[in-house]
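Overview (structure and organization)
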Amino acid sequence: MEFLRKQGVPYREVDVSRDPEAGREILRRTGQMGVPVITDAQEAIVGFDLPRLQRMAARHRRGAGLGLKVTDAKDGPGAYVGGVREGSPGERAGVEVGDTIIELSGRPVSSVADLEQIASRRPSGQPTSVTILRDGEQKTLILR
């Protein structure tokens, strides 16, 4: 950055909160008002440190999804299925639009939040049961 070079200051040492001219120069050259900062409970990543971003993403990666669009059931506990993605574990198990999921992996599902929490702990690729209500009847299906 020309302004910074003229000042003899390496870019990494500039504190734009103390040097407004440096801030204007950064904005003029990059169009960015600041530097991205991404945090989680373990660390903060400033800028585009790809190896650290990849490690953070791996820590937060969830198992394979169920392939279902769900909302809280209106007429009782459970997660109402409003959509099923083609080729998904949910479709392969036989889950259909209009079903209400009431249990996953043997644990009761009273809301979408419950379903997401249980599904996120499900090991990818391992078969597990999903219990649904369909047309007033309870059915247990196997997710793979």
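To be clear, the structure that these remarks concern was listed above.
Overview of the structure. (Residues numbered from 1 in each chain as written. Predicted model: local features only at pLDDT ≥ 70, side-chain atom pairs only at ≥ 80, totals over all residues. Heavy atoms only, no water.)

1. Quick notes on the overall build of the chain
Put simply, the rule is: Numbering of helices and strands runs from the N terminus; a helix is a DSSP stretch of H or I covering at least four residues, while a strand is a stretch of E covering at least two. Contacts between residues were defined by any pair of non-hydrogen atoms, one from each residue, lying within 4.5 Å. What sets the accessible areas is the Shrake-Rupley method with a 1.4 Å probe; for residues, cover comes only from the shown protein chains.
When you go through the chain residue by residue, the secondary structure sums to five helices and eight strands. Looking at the chain alone, contacts between residues at least 24 apart form 36% of all its contacts between residues at least 6 apart. Just so you have it, the chain exposes about 9700 Å², and 49% of that area is on carbon and sulfur atoms.

2. Details of the nonpolar core
This is how the line gets drawn: Think of a nonpolar core as a cluster: buried Ala, Val, Leu, Ile, Met, Phe, Trp, Tyr and Cys residues, connected wherever their side-chain atoms sit within 4.5 Å. Here's how the labels work: a residue is buried when its accessible area is under 20% of the maximum for its type, exposed when over 50%, partly exposed in between, all with a 1.4 Å probe on protein chains only.
In this structure, Leu-66, Ile-101, Leu-104, Val-109, Leu-115 and Val-130 are the most contacted members of the largest nonpolar core, which totals 17 residues. Taken together, the elements giving at least two residues each to this core come down to β4 (79-84), β5 (100-104), α5 (112-121), β7 (128-134) and β8 (137-143). Residue contacts for Leu-115: discarding those within four places in its chain leaves Leu-66, Val-70, Ala-79, Ile-101, Leu-104 and Val-109.

3. Re the pattern of salt bridges
This is how it is decided: Basic side-chain nitrogens of Lys or Arg form a salt bridge, by our definition, when they fall within 4 Å of a carboxyl oxygen of Asp or Glu.
Considering all chains together, one arrives at five salt bridges under this definition. A salt bridge links Glu-21 to Arg-24, with the shortest nitrogen-to-oxygen separation between them at 3.1 Å. On the criterion of helical spacing, the pair formed by Glu-21 and Arg-24 is a turn pair, its members being three residues apart in helix α2 (residues 20-30). You can call Glu-21 partly exposed: its relative accessible area is 32%. Two residues, Arg-134 and Asp-99, come together in a salt bridge whose shortest N-O distance is 2.8 Å. With Arg-134 in strand β7 and Asp-99 in the loop between α4 (89-93) and β5, this pair connects stretches of sequence that are 35 residues apart. Among the residues examined, Arg-134 registers a relative accessible area of 14% and is labelled buried. Overlapping salt bridges bring together Glu-43, Asp-49 and Arg-52 as one network.

4. Remarks on the side chain of Asp-99
Threshold: What qualifies as a polar contact is a pair of N or O atoms within 3.5 Å, subject to a donor-acceptor requirement within protein and to the restriction that residues adjacent in sequence count only when both atoms come from side chains.
By relative accessible area, Asp-99 is classed as buried at 1%. Among the polar contacts listed, one links the side chain of Asp-99 to the backbone nitrogen of Glu-96, at a separation of 2.7 Å.

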